Amino acid sequence: MSVSETFVEGLRLGGEMFWETWWALVLGFTIAGAVEAFVSEEKMTQVLGGSGLRELGLGSLFGAASSSCSFGAVATTKSLFKKGASPVASLAAFQFASTNLVIELGLVMWILLGWEFVIADYVAGVILIVLLAFIFKYIVPDGWFTVAREYLQDQEGIRDPVCGMEVDPTETDTVTLETSGGTEYFCSAECKRRYQEQQQGTWRERLLTVGGWKAVSRNAIGEWQMLWKDIVAGFLVAGLIGAFVPRAWWTTLFGIGTQGTFGWIFASAVIGVVVGIVTFVCSVGNVPFAVILWNNGIAFGGVMSFIFADLIVPTIDDAYRRYYGLRIAGVLFVSIFATAVVSGVVIHYLWGGLGLIPPQGQVGGTAPRGYTTWLNAGFTLVFAVQAYLMYSPESEGVSAHEHAP
């Protein structure tokens, strides 16, 4: 096969995977948009100040219902931590869950890999969160996190509570709002309006309003704006690697130790994390590449470790350094690397003992493939409605009128 033919084959493989998962992505981003519209960051922070099991559970729950964009998750976690959320609830639970326990990741994994991987992802994710929480609560000195929070507060100026943009209160175009907690500053009237929507009434009341569902549409489209490049790149990379890289190369990479032994499983988990750091796209975009790894001999637990590595790629590590200082950035890198490896090994043995590891290379087959066209058509309509509500001049006018002061 010529290079051009191999390239076309890679595009075809990537396109097929994207086609299979389109409806799941739209559904997942819609749910994430709804949570963002109906549950405010301020209210989340209020219940995440402690380091007990309740805060650990709530942090995981809020994260799992939040954005799957790794960069967005890190930025939101930083904001929660700055406002007083504990390291356990924010840096351990919320941050990890918001990239690796989200519904869209599970849906894509279900379609491309199978239900065994989906449940394993959630179980191994909980194991990783508990391990991180233990490290942050009992091993890392509290004073380190105190210094990190002070460093973060010193480094950052006043930021828009909606988009996170730094704003200057002295600028004439800065928008303000007086609240019970003091003055809030916004980069635009749109961000102020979105903030007011988040604060109005209970989530049940907002659930029954037109404005609430317009906010859901804006948030869902916002997820696409953040992630579409990563998602497309993930499918393209997976397709091209699947077409170009010989199977013999993968066999050599994953041939460390005798298959089935602890050495092989541990090596697969370590290699999975390293490959995840080097080839990172995003948590959802990593799934197509995970299919390639699984098809070419990585251990089951290594797949989990690979997916969990999305929070320690170089660009994210640099964000940790800028937010919290070099010391906590190092703590986060080492802790997440180690717990990703350990949770991968643990879930491999647990699933092996339960007989839930599929035959090597067996993927998918659990989604209603016969209904893919119908599901894609239905959710394409949902996406079109969301795009209309996001960009329609009429919609913007109605929204502005509804919330005019």
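Residues numbered from 1 in each chain as written. Predicted model: local features only at pLDDT ≥ 70, side-chain atom pairs only at ≥ 80, totals over all residues. Heavy atoms only, no water.

Undergrad: Describe the environment of Leu11, naming the residues involved and giving the relevant values.
TA: When you line up the elements, Leu11 lands in helix H1 (residues 3–38). Since its relative accessible area comes to 36%, Leu11 is described here as partly exposed. In this structure the C-alpha to C-alpha distance between Leu11 and Leu236, which are 225 residues apart in sequence, comes to 6.4 Å. (Helix = DSSP H or I, 4+ residues; strand = E, 2+ residues; numbered from the N terminus. Buried < 20%, exposed > 50% of the residue type's maximum accessible area, 1.4 Å probe, protein only.)

Undergrad: Got a sec to walk through the packing of helix H8 (residues 142–155) against helix H17 (residues 326–354)? Specific residues and values, please.
TA: Between H8 and H17, the least distance of the axes is 9 Å, while the angle of their chain directions is 120°. If you check the angle between H8 and H17, you find them oblique. In terms of crossing hand, the pair formed by H8 and H17 is left-handed. Where H8 abuts H17, its residues Trp144, Phe145, Val147 and Ala148 lie against Arg327, Ile328 and Val331. The residue inventory of the contact of H8 with H17, partitioned by class, reads six nonpolar, no polar and one charged. (Axes fitted to C-alpha atoms, helices over the stretch in contact; angles between N-to-C directions. Parallel < 35°, antiparallel > 145°, perpendicular 65-115°, else oblique. Left-handed = near helix turned anticlockwise from the far one by under 90°. Contact = heavy atoms within 4.5 Å. Nonpolar A, V, L, I, M, F, W, Y, C, P; charged D, E, K, R; others polar.)

Undergrad: Report on the pattern of salt bridges, specifying residues and quantitative values.
TA: Enumeration according to the criterion identifies three salt bridges in this entry. Asp318 is paired through a salt bridge with Arg321; the nearest N and O atoms lie 2.7 Å apart. Of this pair, Asp318 and Arg321 both sit in helix H16 (residues 314–324), three residues apart, which is roughly one turn of that helix. A cluster of three or more residues bridged by salt bridges with shared partners is formed by Asp318, Arg321 and Arg322. (Salt bridge = Lys/Arg side-chain N within 4 Å of Asp/Glu carboxyl O.)

Undergrad: How would you sum up the side chain of Asp310? Please name residues and give values.
TA: Mapped onto the secondary structure, Asp310 falls in the loop between helix H15 (300–308) and H16. At 3.1 Å, the side chain of Asp310 and the side chain of Asn100 are in polar contact. (Polar contact = N/O pair within 3.5 Å; in protein donor to acceptor, adjacent residues only side chain to side chain.)

Undergrad: Give a detailed account of the UniProt feature "transmembrane region" (unreviewed entry) in the protein chain, specifying residues and quantitative values.
TA: Taken from the UniProt record, the annotation "transmembrane region" (unreviewed entry) applies to residues 21–39, 93–115, 122–140, 231–250, 262–286, 292–313, 325–351 and 371–391. End C-alpha atoms of residues 122–140 are separated by 25 Å, and the span's content is 95% helix alongside 0% strand. Secondary structure within residues 325–351 divides into 96% helix and 0% strand; the distance between the first and last C-alpha atoms comes to 38 Å. (UniProt positions renumbered as here; feature names shortened; annotations may be inferred.)

Undergrad: Which residues make up the confidence of the model for the protein chain, and what values go with them?
TA: Of all residues in the protein chain, 77% have pLDDT values of 70 or greater, and the mean over the chain is 80. Highest mean pLDDT in the protein chain belongs to H17 (97); lowest belongs to helix H19 (residues 393–402) (43). Throughout residues 395–405 the model reports pLDDT below 50, and contacts reaching past four residues in sequence, or to other chains, amount to 15 contacts. (pLDDT = per-residue confidence, 0-100.)

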